[in-house]
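Coordinates in review
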Amino acid sequence: MESFESERAPLPRNMIENSMFEEEPDVVDLAKESPSYPIDSDDVVYEPRSSRLLVRGLGENDLDEEEEDYESSARLLGMSFMNRSSNQRSAASSYTRQQPSNSCSVPSAKKMVVGILVLVVIAFVAMFIYFVPRCTFSKDGCQKANSSIEQLYPRASNGELFPWTGLRLPASVHPVHYEISLQPNLTAMTFQGSVAISMVVLQETNKIVLHSYDLKIINGTFQDEKVNILEYKPWQQIAIKFSKELKKGEKYVLKIHYSANLSNSYDGFYNSSYIDTNGKRRVLAATQFEPLAARKAFPCFDEPAFKASFVIKIAREAEYISLSNMPKVTTTALGNGLFEDEFEKSVNMSTYLVAFVVANFSSVSKNVSNTLVSVYAVPDKKDQTHYALDTVAKLLVFYNGFFEIEYPLSKLDLVGIPDFLAGAMENWGLITFRETTLLIGDHSSPIDKQLVTSVIAHELAHQWFGNLVTMRWWNDLWLNEGFATYMQYMSIEEVFPELDIDNEFLSVRFKALAKDALNSSHPVSAEVSTPEEVAEMFDSVSYEKGASILLMLNATLSKVAFRKGVIEYLKKYKGLNTQSEDLWMSLSQVTNPHTDVAEMMNTWTVQKGFPLVTVNRTGMQVNLMQEHFILNADSATHHSNLWHIPLTYVSDTCSNSSSCKQVFLFKNKTATFNISEKVKWLKFNYRSDGFYIVDYGEQGWRELIEALKENVNVLPHEDRAAVINNIFGLSRLDKVSFRQVLNLLVYLKNETETAPLTEALSQLNHIFRLLDKRSDLLLVSRMTTYIFTVFGDLMDSQSWEEESSVSKQALRSALLETACNLGRPNCINQANKLFDQWRTSNKTEHIPGDLMKAVLSVAAQTEEGWHVLLETYKHSIYDSEKRKTLQALASTQDVRKIVWILKAGLDGGEIQTPELPLVISTVCRHSAGYLHAWDFVKENWDKLTQKFSIGSFPLQSIIMSTTSQFSTKTHLDEVERFFGSLKERGSQMRSIQEAIETIKLNIKWMDSNLATLWKWL
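1. Some details on the pattern of salt bridges
Across all of its chains, the model carries 39 salt bridges by this definition. Close ionic contact of Asp276 with Arg282 constitutes a salt bridge, the shortest N to O distance being 3.1 Å. With a relative accessible area of 24%, Arg282 lands in the partly exposed category. What emerges from the salt-bridge pattern is a single network uniting Glu863, Asp894, Arg896 and Lys897.

This is the structure we're talking about:
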């Protein structure tokens, strides 16, 4: 799946740990445990936590046998009671009777006997009253005491005991085939459904447990006999209990009839709408099941490892078409204007890949390598589908050849959904997209084409990585997303070299380094269990770091060996589920000489972060040291983990060709190697193919900087960009002074390449925004002057005409957007001139696509211009233009307009709700709006979490957009206080930890560097 977050491109991206010191409660106190999900008190007696049960030896796979459940329960309860009794005895034994004083007379024997008898009677009565339940004396008497099983199992919604205690499903039953019939009502926004699940028993069991969420179960049968279906809503599970064991190897059929509302939260089977060119609202229904929402459309075993085949039938009205993963077989008239479409039986696949759409769409098609490829869109935009069709055709041919496995289905549909939250979704045979990431109009720029091509390449790669071979569980999501991200860049470089995708991939790797440098980061392969934890895995670590370490491995093994290993992996595990070790084994088998890939790559996937390599040279000897690069914001967890680093380097004697590259495998804490005494300087991490940062020491940095000042082309442009990225990162780590950073940037006056210039501009813009939000006007003015000193001539020399080179467009748009945002007169004047020509010509005078954001943002600062843009946004049918117009509208400095646009994005009327994260991000970039956006998030948190689920990438984006530019203790306290108050409403999200950590780092950087900024700017 492609997350959509960047204002320019939807770059592929978005755990609750039990403390080892946390006190372990007695088993009978599990009812006091707080649940993993918000639970209505009427729904459940208590909610057991699987982590507790695992500690007790009652893990997910230990509860398959009912006898073991009862035996374990009784044993645990007995142990608990004995512990408590022992404590009581211990407490009683500490009491010592006082000796009588000599002043008291000794009672007679008769009195002592009577006294003892009285005490015994009193004690007996007291014990009787204490131990006999109060209900003994009540009118209704006592109910039967709870058995031990009641203490361990939660209550289903009907009050019966639910027979399962884990978030993960038991492995005793496996689905084989689903027959699904659906009848959506696009007027009432509801649907009726039935599912018949054929399953096989792998282990004898007396229960079947599967998923269902927000479905109203009407009835169910098992082997055509009616059964009672229990539901436990907090874990989105349903179950059937049997009086007799289901025998191993036997096959059974479970049928369920149900009804539900079409979802309004962009997942499950949800309703969508759009306004056509005649002003009429059109409705449709589509699906988004990844990661855990198939259960919202039909009862199912909703985990990736439960692969099965599917036959889907969809009833529709005559004005609509229906689409699903497989080609349509038949259409049957049902009467009352309804028709039922039946689709071919699918290949075996995970439930999250099932998809269907009911809509009024038009399409274009062509046959490619025995596959009918089609692109669908709303009728008004059919003419914008041709670029996508041509692109997917070329990429399909490439992937068929590269993987040496033909795409296995007879058809492939790409569908543009008007109201779609993700960037795209790789459903097998029915890939769904945002319109922005699929459609290309006549005036779209090469950068727009680069975006659409990237998303198509990513989703098409998933047809092999993710669909054909699927990760076993979401902890290894990177096997899907990291590979698809890597393949999207590699394939475009091969098939569409004119799109200059290498600069984009380099930028992506820098962003992944920034994310992974935080203590709140996580390993590439991380343990997850709750839905919130699963959702948070869709981030830059799984996508971009995953792709980055695959690039590093490809560079280490060689392209030929890497491809051979990938083909071996796909062929060996075709149709199956895998984990990381399976990939490493396949790659190890093809290396010559043999390389233990797992030994190397586990250091990059099972521990978070990446290494900092420190280089010190003494004569001919080079001394290396590695440590965890972590931006310590006073809460970092230090460890002594090491990485197996394929360290590459070049020198002044040979630096601009891949043949110059030297490789040193760096496994230990320290290492040394020798070089020629003729070498003047070294540059490590050639072309930034490795996922690490290098500190050259004071002398090494001085030599590199002087070399760049003397000859800008002494290093490839990727290496120059990496030098800039690394030195800014080291500055944040206090390894390099900011004065040294400014010294490096002096060389930029001779720089002409996009990658280093845009990286430097991005880093300086980040600092500018931090200063701007502190309202330190004098320092902001100095920073503006400094940026103009470094980039001003280049800004003024940019052309405002059409430009064909993607790389030059990317540089031009970055320079001019910054120039206009900072108020550079030449930029403002040129932008106003282009806008006036565009407006007075009734928009027939074209604005180059890469300049549109800069031009429209200038226009949006006037009352008249803003309203012109609002009307343009409402009526445009070109999605790239529409999105840039929305960004311009959100860049206004008028507080009333800021308040309006935020509310409009939340309401979802004039501005579609999926665009709200972009609106908030744009508002936060400017000093006039960022506090309003933060207040908006606080005031509307509950509404936001209804539209964007907790842990989802849109919510992660909103959190970081509104907080990442704070750099004062006051704002830190406010952020901690607000998120701390949320509790189960989101406080557990990793992105909140990231937000707080980022603010602390901003404060620390300001404390360390403000004096330097005042002195040197």
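Right, picking up where we left off after that structure.
2. A closer look at helix α21 (residues 852–859)
Burial within α21 is extensive, with eight of its eight residues counted as buried. Among the residues of α21, those classed as buried are Met852, Lys853, Ala854, Val855, Leu856, Ser857, Val858 and Ala859. If you follow the buried residues of α21, they end up packed against α19 (806–821), α20 (825–840), α22 (863–875) and α23 (879–890).

3. Some thoughts on the environment of Asn750
Residue position: Asn750 is located in the loop between α16 (738–745) and α17 (754–773). Residues Asn750 and Asn711 lie 39 residues apart in sequence; the distance between their C-alpha atoms is 8.6 Å.

4. Quick look at unusual backbone geometry
At the junction of Glu290 and Pro291, the peptide bond is cis and its omega measures out at 5 degrees in the coordinates. When you line up the elements, Pro291 lands in the loop between β10 (281–288) and β11 (309–317). Following Asn592, the chain continues into Pro593 via a peptide bond in cis, with omega recorded as 0 degrees. Inspection of the secondary structure assignment puts Pro593 in the loop between α12 (580–589) and α13 (597–605). Not every positive phi belongs to a glycine, and Gln236 is a case in point at roughly 55 degrees. Take Gln236: it is sitting in the loop between β6 (230–232) and β7 (237–246). The class of Gln236 is buried, set by a relative accessible area of 10%. You will see that Ser369, though not glycine, has its phi angle at about 50 degrees, which is positive. Looking at the element boundaries, Ser369 is found in the loop between β16 (362–368) and β17 (371–377).

5. Description of the side chain of Ser259
Positionally, Ser259 belongs in strand β8 (residues 251–261). A relative accessible area of 14% means that Ser259 is categorised as buried. Leaving out residues up to four positions away in the same chain, Ser259 has contacts with Phe191, Gln192, Leu215, Lys216 and Ile218.

6. So, the packing of helix α18 (residues 777–796) against helix α30 (residues 990–1016)
When two helices pack together, you describe them by how their axes are tilted relative to each other and by the distance separating the axes. Taken N-terminus to C-terminus, the directions of α18 and α30 make an angle of 60 degrees; their axes are 10 Å apart at the nearest point. Seen along the crossing, α18 lies across α30 with a hand that is left-handed. Where α18 approaches α30, its residues Leu778, Leu779 and Arg782 are matched on the opposing element by Leu1010, Leu1013 and Trp1014. Of the residues contributing to the contact of α18 with α30, the split by class is five nonpolar, no polar and one charged.

7. Side note on the state of the cysteines
One pass over the structure, following the stated rule, counts two disulfides. The disulfide partner of Cys654 is Cys660, and the S-S distance across this bridge is 1.7 Å. Here the S-S torsion is close to -60 degrees, and the disulfide linking Cys654 with Cys660 is therefore left-handed. Accessibility expressed as a relative area gives 7% for Cys660, which makes it buried. The disulfide that involves Cys820 links it to Cys827, with 1.8 Å between the sulfurs. Across the S-S bond of Cys820 and Cys827 the torsion is about -90 degrees, and the bridge reads as left-handed. With relative accessibility at 2%, the residue Cys827 sits in the buried group.

8. Regarding helix α14 (residues 697–710)
Taking 1.5 Å as the rise per residue, α14 with 14 residues should run 20 Å; its terminal C-alpha atoms sit 20 Å apart, in good agreement. Taken as a whole, α14 has its buried residues at Gly697, Gly700, Trp701, Leu704, Ile705, Ala707 and Leu708. Down the axis of α14, the buried side of the element spans an arc of 160 degrees, and every buried residue falls inside it. Residues of α14 that are exposed and angled more than 90 degrees away from the buried face: Glu698 and Glu710. Residues of α14 that are buried make contact with β23 (611–618), β28 (682–684), β29 (693–695), α15 (717–732) and α16.

9. So, the environment of Val606
Summarising the element assignment, Val606 is placed in the loop between α13 and β23. The spacing of Val606 and Val524 is 82 residues in sequence and 6.4 Å in space, taken between C-alpha atoms.

10. Focus on the packing of aromatic side chains
The tally for this structure, following the rule as stated, stands at 52 aromatic pairs. On the numbers, 5.6 Å between centres and 70 degrees between planes, the contact of Phe403 with Phe465 is edge-to-face. Taken together, the residues span a long stretch of sequence, with Phe403 in helix α5 (residues 386–403) and Phe465 in the loop between α6 (446–462) and β21 (470–471) at a distance of 62 residues. Like Phe465, Phe403 is buried. Residue placement shows Lys773 over the ring face of Tyr930; its charged tip is 5.6 Å from the ring centre.

Parameters and conventions
- Residues numbered from 1 in each chain as written.
- Predicted model: local features only at pLDDT ≥ 70, side-chain atom pairs only at ≥ 80, totals over all residues.
- Heavy atoms only, no water.
- Salt bridge = Lys/Arg side-chain N within 4 Å of Asp/Glu carboxyl O.
- Buried < 20%, exposed > 50% of the residue type's maximum accessible area, 1.4 Å probe, protein only.
- Helix = DSSP H or I, 4+ residues; strand = E, 2+ residues; numbered from the N terminus.
- Contact = heavy atoms within 4.5 Å.
- Axes fitted to C-alpha atoms, helices over the stretch in contact; angles between N-to-C directions.
- Left-handed = near helix turned anticlockwise from the far one by under 90°.
- Nonpolar A, V, L, I, M, F, W, Y, C, P; charged D, E, K, R; others polar.
- Disulfide = S-S within 2.5 Å.
- Expected span 1.5 Å × (residues − 1).
- Arc of directions from axis to C-beta.
- Phe/Tyr/Trp six-rings, centres within 6.5 Å; stacked < 30°, edge-to-face > 60°.
- Lys NZ or Arg CZ within 6 Å of the ring centre and 35° of its normal.

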